[in-house]
Amino acid sequence: MNLFSYDISEKFTKSVAYFSMEFAIDQSLKIYSGGLGFLAGSHMRSVYDLKQNVIGVGLLWSFGYYDQSRNEDRTLKPHYTRKVYYFLEELDIKVTVKINNVNVVVKGFLIRSDIFGTAPMILLSTDTDENDYLSRTITHKLYDSNERTRVAQEIVLGIGGAKMLQAINHKIDIYHMNEGHALPLVYELYDRFKDMNEVKKHVVFTTHTPEAAGNEIHNINFLHEMGFFGSLDLTQARAISGYENSDNFSLTVGALRSAKIANAVSKIHGMIANEMWAGVEGRCEIISITNAQNKKYWTDKTLIRALDEHEDYELLSRKKHLKKILFHVVANQTGKMFDPEVLTIVWARRFAEYKRPGLLKYDYDRFVKLITDTQKPVQVIWAGKPYPADYGAIEMFNELIQLSHRFKNIAVLIGYELTLSKLLKQGSDVWLNTPRITREASGTSGMTASMNGSIHFSIDDGWNPEFAKNGKNAFTIPPLDYRLPTAEQDRIDNKNMMDILENTIIPTYYDKPKEWVAIMKSAMNDVEVEFDSGRLAMEYYERMFNR
């Protein structure tokens, strides 16, 4: 079966299957939640641009992640709507995986590469008439909060994906696990090769986060009961995964022991990951390949043309126009009229406690003074999706909504998906990033903001140290000792952040417009090559796939 609508480049002939729980490739295809999907989507777009021999393998989520709506009091309301996609091509081949001793039918859908300008992609679904209701729900919701359902999803992705590729006679040289969710594919491959050393020649792994939520741990007996290890008995599974003496099975450790090489997603994350997993016997080498985003997809073309033609007036004019477009959304959602002449700060990404969405208001009196200044005013927009079962994150989101009711220049937007994300990056002046230091493996939203002349204002973590020249192309909150108590970290980071805002960012924007434009242009130029996903897609071939 020919999956490609393009001729594969001679430089990238090795056949790769890229397994990911989520892909953000287009607003119309809601099979993503956040940063992992955004990264995978940009990677798939650059595969198409470079004509690489890569196919994406994911799951077709019947209800997506969730739709962000509001309750009557305007607080967050997660909503689930069944999605229908007429642009998918249903394959006439189905495979079966055994989950909890039940044979579950998995069907596949093809996204041809010319639909969205991506690698060809196969999306798997159990939501088919051959299955009982419980089996159909496996692929209903991305990151289902039920542990059994989550593990079942991983079995479908890993074993179902490997079987589907075999069933359509698509030969794969390298299986790339984007996070540990697809780990069951390793045990399917072991069933074929009967030799773990042979399996390792065909597997690479990307670890994306030091956070516990991204490094799942389950009881190994439970995993075996669910069918995580395919046809292997528990003794075999323990032996090849190195878990003879422990029942607490880490998907990340399992992946590190099953791959020929792994990568972290920034230079800092590479150091942290090697420290985190230093005690893991039999693990592969962990190198650093910094994340990136697809410039062609994310940037406003008129803005880029103004940059290339050195037309500063046109650059500023276009930025104000993009702000107006964003502010139509603000008005539509909140009834507030924002001013394109006013400095606009955006905090937008997945809502999680360690990302500290509320750090800006930590010193509330100082925040109120900032937000009520009429001489040099600011406008602040928050947006993002909390995990629907993370009630602490939802509470943070709702607190900001309540705060926004008191000020006409604060907005909290819902519907943080690809389209809104692009509008926010193109229509903001400052892109604020406030994770606790060492907790942000990479972070990619600031890359696409910088591509659109929104200046990255960030904790010095993730990708930021590789890019930022403080005061030249970005503004950086000074690093502190990550071993300090979190309350002390919050206090210090807030003080430093507010000092920079009040003493540098705001005065530069209003009093030194030429300097502000120079910073915008430097950001756009400096981010262009190293943080475009074309570099990432080539580096994966050079340092991972062809190794």
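Residues numbered from 1 in each chain as written. Predicted model: local features only at pLDDT ≥ 70, side-chain atom pairs only at ≥ 80, totals over all residues. Heavy atoms only, no water.

## What to know about the packing of aromatic side chains
Turning to step 1, where the next piece is worked out: Under the definition given, this model contains 29 aromatic pairs.
Turning to step 2, where the next piece is worked out: Plain terms: the ring middles of phenylalanine 228 and phenylalanine 249 are 6.1 Å apart, the flat faces sit at 70 degrees to each other, and that makes the pair edge-to-face. One end of the pair, phenylalanine 228, is in the loop between helix H7 (220-226) and helix H8 (234-241); the other, phenylalanine 249, is in strand S11 (residues 248-250), and 21 residues separate them in sequence. Considered together, phenylalanine 228 and phenylalanine 249 belong to a single accessibility category, that of buried residues.
Turning to step 3, where the next piece is worked out: Ring centres of tyrosine 297 and tryptophan 298 lie 5.2 Å apart, and the angle between their planes is 90 degrees; this geometry places the pair in the edge-to-face category. Side by side, tyrosine 297 and tryptophan 298 carry an identical accessibility label, which is buried.
Turning to step 4, where the next piece is worked out: In this structure an aromatic cluster arises from ring pairing among Tyr187, Phe228, Phe229, Tyr243 and Phe249.
Turning to step 5, where the next piece is worked out: One residue, lysine 51, lies across the ring of tyrosine 6, its end atom 5.5 Å from the ring centre. (Phe/Tyr/Trp six-rings, centres within 6.5 Å; stacked < 30°, edge-to-face > 60°. Helix = DSSP H or I, 4+ residues; strand = E, 2+ residues; numbered from the N terminus. Buried < 20%, exposed > 50% of the residue type's maximum accessible area, 1.4 Å probe, protein only. Lys NZ or Arg CZ within 6 Å of the ring centre and 35° of its normal.)

## Digging into the side chain of arginine 150
Turning to step 1, where the next piece is worked out: Examined against the element boundaries, arginine 150 turns out to sit in helix H4 (residues 147-167).
Turning to step 2, where the next piece is worked out: Under the relative-accessibility criterion, arginine 150 is labelled buried at 14%.

## Observations regarding the side chain of serine 33
Turning to step 1, where the next piece is worked out: Mapping serine 33 onto the fold places it in the loop between strand S1 (16-19) and helix H1 (35-50).
Turning to step 2, where the next piece is worked out: Under the relative-accessibility criterion, serine 33 is labelled buried at 12%.
Turning to step 3, where the next piece is worked out: Beyond its immediate stretch of four places on either side in the chain, serine 33 contacts Glu22, Tyr65, Leu142 and Tyr143. (Contact = heavy atoms within 4.5 Å.)

## A look at the sheet that holds strand S2 (residues 54-59)
Turning to step 1, where the next piece is worked out: Read from one edge of the open sheet, nine strands run S5-S6-S7-S2-S1-S8-S9-S12-S13, paired in mixed fashion. Since the sheet does not close on itself, it has two edges, and those belong to strand S5 (89-99) and strand S13 (286-288), each with one partner. Between one strand axis and the next, the sheet turns by 25 degrees as a mean value, whatever way the strands run.
Turning to step 2, where the next piece is worked out: Across the face of the sheet, H4 comes into contact with S1, S2, S5, strand S6 (102-111), strand S7 (121-125) and strand S8 (174-178) while running at roughly 125 degrees to S5.
Turning to step 3, where the next piece is worked out: On top of the sheet, helix H5 (residues 184-193) reaches S1, S8 and strand S9 (203-206); it is set at about 160 degrees to S8, its chief contact. (Pairing = 2+ DSSP bridges. Axes fitted to C-alpha atoms, helices over the stretch in contact; angles between N-to-C directions.)

The analysis is restricted to geometry; functional conclusions fall outside its scope.
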